[in-house]
Amino acid sequence: MEPQFDFEPAARSLVAVVDGISDDQLGNPTPSGESTVRDLLAHVVGLTEAFRQAATKESVGNSAPPPAGADSPLPAEWRTVIAAQLDALTAAWRVAQAWDGDTEAGGVEMPAAVMAIVALDEIVIHGWDLAVATGQTLRVDPADLTILHEFLRDTDPAGTPGLFGPIIEVPADAAVFDRLLGLTGRDPAWRSAPVA
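Let us look at the structure shown here. In this text the structure is predicted, and so the values were computed from the model without any measurement.

## With respect to the side chain of Glu122
Part 1: By the secondary structure assignment, Glu122 is in helix 4 (residues 112-133).
Part 2: Buried and without a salt bridge, Glu122 has Arg186 as its closest oppositely charged side chain, separated by 6.9 Å.
Part 3: Side-chain polar atoms of Glu122 contact the side chain of His43, separated by 3.2 Å.

## Here's the deal with empty space enclosed by the protein
Part 1: Per the counting criterion, the structure on display carries one cavity of 30 Å³ or more.
Part 2: Counted as a void, the largest cavity has a volume near 30 Å³.
Part 3: The element contributing the most residues to the lining of the largest cavity is helix 1 (residues 8-19), with three residues.
Part 4: Its residues assigned to classes, the lining of the largest cavity shows five nonpolar, one polar and one charged.

## Examining the environment of Asp102
Part 1: Of note, Asp102 is situated in strand 1 (residues 102-105).
Part 2: Taking C-alpha positions, Asp102 is 27 Å from Pro157, a pair spaced 55 residues apart along the chain.
Part 3: Excluding residues within four positions of it along the chain, Asp102 makes contact with Lys57, Val60, Glu109, Met110, Pro111 and Ala112.

## Concerning the layout of surface pockets
Part 1: Here the second largest pocket is characterised by a volume of approximately 160 Å³.
Part 2: If you trace the second largest pocket, you find it lined by Trp128, Ala131, Val132, Gly135, Gln136, Thr137, Leu138, Phe177, Asp178, Leu181, Pro188 and Arg191.
Part 3: Mapped onto the lining of the second largest pocket, the elements with two or more residues apiece are helix 4 and helix 6 (176-183).

## Some remarks on the packing of helix 2 (residues 37-56) against helix 4
Part 1: The N-to-C vectors of helix 2 and helix 4 enclose an angle of 160 degrees; their axes lie 11 Å apart at closest approach. It follows from the interaxial angle that helix 2 and helix 4 lie roughly antiparallel. As for how helix 2 packs across helix 4, the hand of that crossing is left-handed. In this structure, helix 2 contributes Val37, Leu40, Leu41, His43, Val44, Leu47, Phe51 and Ala54 to the contact, and helix 4 contributes Met115, Val118, Ala119, Glu122, Ile123, His126, Asp129, Leu130 and Ala133.
Part 2: Its residues assigned to classes, the contact of helix 2 with helix 4 shows 13 nonpolar, two polar and two charged.

## Description of the environment of Asp144
Part 1: The residue Asp144 is located in helix 5 (residues 142-152) in this model.
Part 2: With residues up to four places along the chain from it excluded, the contact list for Asp144 reads Asp6, Pro9, Ala10 and Leu120.

Criteria and cut-off values
Positions within a chain are numbered from 1, following the residues in the order the chain's sequence is written. Residues qualify for local features only when their pLDDT is at least 70, as the model is predicted, and side-chain atom pairs are given and counted only at 80 or more; totals for whole chains, interfaces and linings, by contrast, use all residues. Water and hydrogen atoms play no part in the side-chain values, which are based on all heavy atoms of the structure. Under the DSSP-based scheme used, a helix requires at least four consecutive residues in state H or I and a strand at least two consecutive residues in state E, with every element numbered from the N terminus. Between buried and exposed lies partly exposed: a residue is buried under 20% and exposed over 50% of the maximum accessible area for its type, with that area taken using a 1.4 Å probe on protein chains only. Note on charges: Lys and Arg go in the positive column, Asp and Glu in the negative column, and His and the chain ends are not counted at all. Here, a salt bridge means any Lys or Arg side-chain nitrogen found within 4 Å of an Asp or Glu carboxyl oxygen. Contacts described as polar in this section are N or O atom pairs within 3.5 Å, which, within protein, must combine one atom able to donate a hydrogen with one able to accept it, while residues neighboring in sequence count only if both atoms come from side chains. Put simply, the grid is 1 Å and covers the protein atoms alone, a cavity is a trapped set of points that fit a 1.4 Å probe, a pocket is an open set with protein on both sides within 12 Å along at least five of seven lines, and lining residues have an atom within 4 Å of a point. Grid points are joined across faces, edges and corners, and a volume is the space filled by probe spheres set on the points. Ten residue types, Ala, Val, Leu, Ile, Met, Phe, Trp, Tyr, Cys and Pro, are classed as nonpolar, four, Asp, Glu, Lys and Arg, as charged, and the remainder, Gly among them, as polar. Contact between two residues is taken to exist if any of their heavy atoms lie within 4.5 Å; hydrogens are not considered. Axis definition: a line fit to C-alpha positions, over the contact stretch in the case of helices; interaxial angles, taken between N-to-C directions, run 0 to 180 degrees. Any angle that falls under 35 degrees is termed roughly parallel, while one over 145 is termed roughly antiparallel, one within 65 to 115 roughly perpendicular, and all others oblique. Helix crossings fall into two classes, left-handed where the near helix is turned counterclockwise from the far one by less than a right angle and right-handed where it is turned clockwise.

Below, the structure written as structure tokens:
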């Protein structure tokens, strides 16, 4: 199967946000549950490698849910690690065979083409989480928005355990990305309170 989309726009946007995070912002709260910026960066380190392995199929039969929260290791060079892993993920999903058959990430098996959309969702949504937690703006490619809205539009109102909280109602005439955030259980108006 030919690749259905390219990860480069989402990867570039996430790298721009990560590069804009200062060390003194690592303790900031995020819209992602109880996670701090540091916790979420550690999660991004894990997920970028996990979804690269999902593309190559090397994770099939041996993936496991990553550690979460303060237990997640964060490399000292997290900015360069995340950028390099996003480059590797982008390259891996450009290979036609990555989209064939089933694959696995985080202990979950699904069709590879669906896994790619889950990966895109993680990159875009956590990019926004990190951006608003650190006073930045995330640029989202319109084509990615279309893919993700189609993927999430039938989300259970109660949310998806382990992925998203209950849907937050967003006006039908709101921006597409705001409606997408609502489907993931996020309030588009969320902003980090200044740390005292």
